[in-house]
Amino acid sequence: MIHLRIVAPEDVSHQALEVLTAAPSVLNIVHLHGAATKPDGDVILCDVAREDASVIIGDLKELGIPKSGSIAVEHIDTSISDAAVAAEKAAPGLPSDAVVWEEVEGRTSEDTELSFSFVLFMVAAMQIAAVGIILDQTILIVGAMVVGPEFGPLAGLCVALVNLQAGLARRSLRALALGFPVGIAGALLTTLVMRGIDVFPEDFSQAGHPFTAFISSPDFLSFFVAFVAGSAGMLSLTSAKSGALVGVLISVTTIPAASNIGVAAAYGDWSEARGAALQLGLNLAGIILAGVLTLFVQRRWYVMRRRKHLKEPSRRAAGLPVGRSARKAKSG
């Protein structure tokens with residue numbers, strides 16, 4: 001279940017109540033008249049089946065509530081109620097498969113911020129990977145994959161491409177365009193310093209490191225794994241099964257491949273650097289392609305449900321047009 005806290009002016013709050021009371025997937029509606037300050041207005045609390053959350057929020061957006069008030073979305077981990085069971089049955093689909101698009105957009109928007117911590121995580125992940133490559137230790141490679149924060153901007157880019165959000169796309173690309181080069185430069189400098197103080201060997205050949213040789217040896221399977229992992233990552237991001245995301249992070253070699261570019265460049269092994277760069281490119285392409293396709297299918301399903309909901313006669317009681325969106329009608 002999803003809990004909504006709605007703050008709206010008095011006239012709009014009555015329209016919102018009409019929307020909520022008419023929906024069989026909504027329950028536990030509480031109306032607090034004049035309880036809100038900054039902005040002033042009414043407070044409405046309710047629970048909605050996860051499967052219908054974005055559909056209901058879409059109606060609330062049509063009423064202009066985000067402009068004059070606010071809509072807060074929270075998860076309900078446990079709800080002991082026969083009415084809640086009935087509300088979930090009234091909404092088609094399964095809660096674990098449902099996508100709350102507002103939640104996805106909010107989460108990816110936060111993860112695409114080019115922050116100081118994001119860049120530090122990129123640098124730290126590639127430092128760990130650089131040591132793993134030199135020592136031929138796969139456990140360090142796995143650790144670097146988990147530490148790397150690159151999946152956030154990649155997911156943000158996929159969401160932006162599907163939803164046609166130019167601003168989100170720019171932020172995602174900016175984070176990736178700066179994070180990877182800075183991390184690679186960090187791996188390069190660290191390798192040079194470690195060679196200078198005799199911590200890393202003077203000569204290095206990937207041929208003598210069989211456990212990490214795959215990092216700079218791209219093939220079709222590299223793309224295939226990245227594609228499957230990208231699809232799993234999007235499913236994890238959009239559904240309630242977020243625990244699968246850790247498995248996704250240790251399935252792709254974006255961070256190790258990027259780090260290997262810096263390590264190979266420090267040793268002047270340009271063939272190895274090219275192989276690592278190609279591995280990085282294949283992984284990024286596979287993740288983005290799979291992510292876009294997965295989100296596109298999920299978005300189509302939501303659009304079909306939304307269009308069906310727009311035909312509900314109950315919308316008329318809330319002052320919303322039947323058969324079309326009020327926002328589209330205004331823009332037209």
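Scroll up to find the structure this text is about.
Note that the structure is predicted; figures quoted are calculated from it, not measured. (Residues numbered from 1 in each chain as written. Predicted model: local features only at pLDDT ≥ 70, side-chain atom pairs only at ≥ 80, totals over all residues. Heavy atoms only, no water.)

Asker: Explain the packing of aromatic side chains here, please?
Answerer: Describing an aromatic ring pair means giving the distance of the ring centres and the angle of the ring planes. Counted according to the given criterion, the structure contains three aromatic pairs. Taking 5.5 Å as the distance between ring centres and 35° as the angle between the ring planes, the aromatic pair formed by Phe204 and Tyr267 counts as tilted. Here Tyr267 lies in the loop between helix H12 (254-266) and helix H13 (270-310) and Phe204 lies in the loop between helix H9 (166-196) and helix H10 (220-238), a separation of 63 residues in the sequence. For the pair Phe204 and Tyr267, one class covers both residues: buried. In this arrangement the basic side chain of Arg299 is found over the ring face of Trp101, its NZ or CZ atom lying 4.9 Å from the centre. (Phe/Tyr/Trp six-rings, centres within 6.5 Å; stacked < 30°, edge-to-face > 60°. Helix = DSSP H or I, 4+ residues; strand = E, 2+ residues; numbered from the N terminus. Buried < 20%, exposed > 50% of the residue type's maximum accessible area, 1.4 Å probe, protein only. Lys NZ or Arg CZ within 6 Å of the ring centre and 35° of its normal.)

Asker: Is there a simple way to explain the sheet that holds strand E2 (residues 26-36) in this structure?
Answerer: Across a sheet, paired strands are connected by hydrogen bonds in the backbone, their directions being either parallel or antiparallel. The strand order across the open sheet formed by four strands is E2-E3-E1-E4, and the pairing between neighbours is antiparallel. Two strands in the sheet have a free side with no partner beyond their single neighbour: E2 and strand E4 (70-75). If you compare each strand with its neighbour and ignore which way they point, the axes differ by 15° on average. For strand E1 (residues 2-8) and E4, the ladder comprises six bridges, and the chain directions are antiparallel. Opposite Val7, over in E4, you have Ser70 as the bridge partner. (Pairing = 2+ DSSP bridges. Axes fitted to C-alpha atoms, helices over the stretch in contact; angles between N-to-C directions.)

Asker: Quick question: what am I supposed to make of the packing of helix H6 (residues 116-135) against H12 here?
Answerer: In a pair of packed helices, the angle between the axes and the distance between the axes together describe the arrangement. Direction vectors running N to C along H6 and H12 enclose 70°, while the axes themselves pass 8 Å from each other. Compared by their axis directions, H6 and H12 come out roughly perpendicular. Facing H6, whose interface residues are Met122, Ala125, Met126, Ala129, Ala130, Ile133 and Ile134, H12 presents Ile255, Pro256, Ala258, Ser259, Asn260 and Val263. A class-by-class count of the residues in the contact of H6 with H12 yields 11 nonpolar, two polar and no charged. (Parallel < 35°, antiparallel > 145°, perpendicular 65-115°, else oblique. Contact = heavy atoms within 4.5 Å. Nonpolar A, V, L, I, M, F, W, Y, C, P; charged D, E, K, R; others polar.)

Asker: Please explain the layout of surface pockets as it appears in this structure.
Answerer: Space inside the second largest pocket adds up to approximately 360 Å³. If you go around the second largest pocket, you meet 19 residues; those closest to its centre are Pro24, Asp52, Val55, His309 and Glu312. Within the residue set of the lining of the second largest pocket, elements represented by two or more residues are helix H1 (10-22), helix H2 (53-62) and H13. For the lining of the second largest pocket, the per-class residue count stands at nine nonpolar, three polar and seven charged. (1 Å grid on protein atoms, 1.4 Å probe; cavity = no way out; pocket = protein on both sides within 12 Å on 5 of 7 lines; lining within 4 Å. Points joined across faces, edges and corners; volume = space filled by probe spheres on them.)

Asker: Got a minute to help me understand the nonpolar core in this structure?
Answerer: Nonpolar side chains in soluble globular proteins generally cluster together in the buried interior. Judged by nonpolar contacts, the single largest core of 51 residues is most densely connected at Met126, Phe180, Met234, Ile255 and Leu295. Of all the secondary-structure elements, those providing two or more residues to this core are helix H5 (101-111), H6, helix H7 (138-147), helix H8 (151-163), H9, H10, H12 and H13. Residue contributions to this core peak at nine residues, all from H6. Here Met234 is in contact with Phe151, Ala155, Cys158, Gly291, Thr294 and Leu295, once residues within four sequence places are set aside. (Core = buried A, V, L, I, M, F, W, Y, C linked by side-chain atoms within 4.5 Å.)

Asker: How should the pattern of salt bridges be read in this particular structure?
Answerer: When their charged atoms lie close together, side chains carrying opposite charge are able to pair. Tallied over the entire structure, the rule returns nine salt bridges. The residue Glu103 makes a salt bridge to Arg50 at a minimum N-O spacing of 3.7 Å. Note that Glu103 is positioned in helix H5 and Arg50 in the loop between strand E3 (41-48) and H2, a separation of 53 residues in sequence. Judged by relative accessible area, Arg50 falls into the buried class, the value being 5%. Here Arg306 makes a salt bridge to Asp59, at a shortest N to O gap of 2.8 Å. One end of the pair, Arg306, is in helix H13; the other, Asp59, is in helix H2, and 247 residues separate them in sequence. For Arg306, a relative accessible area of 9% gives the class buried. Salt bridges here are not isolated pairs; linked through shared partners, they connect Asp59, Glu62, Arg306 and Arg315. (Salt bridge = Lys/Arg side-chain N within 4 Å of Asp/Glu carboxyl O.)

Asker: Can you help me understand unusual backbone geometry in this one?
Answerer: At the junction of Lys38 and Pro39, the peptide bond is cis and its omega measures out at 0° in the coordinates. As for its position among the elements, Pro39 is in the loop between E2 and E3. One non-glycine residue, Asn28, lies in positive phi territory at about 55°. In this structure, Asn28 sits in strand E2. In this structure Asn28 comes out as partly exposed when scored by relative accessible area, which is 44%. The residue Leu164 is not glycine, and still its phi comes out positive at about 55°. Of note, Leu164 is situated in the loop between H8 and H9. Using a relative accessible area of 74% as the deciding quantity, one classes Leu164 as exposed.

So, to be careful, I would describe these as geometric facts and stop short of saying anything about function.
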